[in-house]
Amino acid sequence: MDKPIKKELHQLIEQCDNELILEEAKALLETDKAVEDWWDELTEADKKLVKESETQYGKGNYISHQELMQRFEEWRKK
């Protein structure tokens, strides 16, 4: 990691008096850490499903959200 960016961020935080901006920055940094860990929190069964889904997507076996919603509307009308 580029150390000057950390130093600059520390300076900006020290100069900032806006509580909302500080809370948002804190939430953003906490979210970044949480994103790294989400895979580890999945069960092995869920990991397998995600991998299978990626394989199916790679083969072009999927439909768009728009198409799904159209099919759902048609199904609801029956």
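Residues numbered from 1 in each chain as written. Predicted model: local features only at pLDDT ≥ 70, side-chain atom pairs only at ≥ 80, totals over all residues. Heavy atoms only, no water.

**Section: the overall build of the chain**
Here comes step 1: Looking only at helices and strands, the chain features 4 helices and 0 strands.
Here comes step 2: In sequence order, the chain lays out its α and β elements as α-α-α-α.
Here comes step 3: Counting all 78 residues of the chain, 3% fall into the buried class. (Helix = DSSP H or I, 4+ residues; strand = E, 2+ residues; numbered from the N terminus. Buried < 20%, exposed > 50% of the residue type's maximum accessible area, 1.4 Å probe, protein only.)

**Re the pattern of salt bridges**
Pairing is possible between side chains of opposite charge, provided their charged atoms come close.
Here comes step 1: Enumeration according to the criterion identifies 4 salt bridges in this entry.
Here comes step 2: Between K26 and E30 there is a salt bridge, with the nearest N and O atoms lying 3.0 Å from each other. Residue K26 and its partner E30 are located together in helix α2 (residues 19-37), separated by 4 residues, close to a single helical turn. (Salt bridge = Lys/Arg side-chain N within 4 Å of Asp/Glu carboxyl O.)

**Remarks on the layout of surface pockets**
Here comes step 1: Considered as a void within the structure, the largest pocket measures approximately 410 Å³ in volume.
Here comes step 2: In this structure, the largest pocket is lined by 13 residues; those nearest its centre are L9, H10, I13, A25 and L29.
Here comes step 3: Every element with two or more residues in the lining of the largest pocket is listed here: α1 (3-15) and α2.
Here comes step 4: A per-class count over the lining of the largest pocket returns 10 nonpolar, 1 polar and 2 charged. (1 Å grid on protein atoms, 1.4 Å probe; cavity = no way out; pocket = protein on both sides within 12 Å on 5 of 7 lines; lining within 4 Å. Points joined across faces, edges and corners; volume = space filled by probe spheres on them. Nonpolar A, V, L, I, M, F, W, Y, C, P; charged D, E, K, R; others polar.)

**A closer look at helix α3 (residues 44-58)**
Here comes step 1: Its 15 residues give α3 an end-to-end C-alpha distance of 21 Å, which sits within 8% of 21 Å, the value for a rise of 1.5 Å per residue.
Here comes step 2: Positioned one or two residues after α3, G60 has a phi angle of 80°, which is positive. (Expected span 1.5 Å × (residues − 1).)

**Topic: the side chain of K47**
Here comes step 1: Position of K47 among the secondary structure elements: in helix α3.
Here comes step 2: In contact with K47, not counting residues within four places along its chain, are W39, D40 and L42. (Contact = heavy atoms within 4.5 Å.)

**Focus: the confidence of the model for the chain**
Here comes step 1: Residues at a pLDDT of 70 or more form 90% of the chain, whose mean pLDDT is 90.
Here comes step 2: Mean pLDDT across the elements of the chain bottoms out in α2 (82) and peaks in α3 (96). (pLDDT = per-residue confidence, 0-100.)

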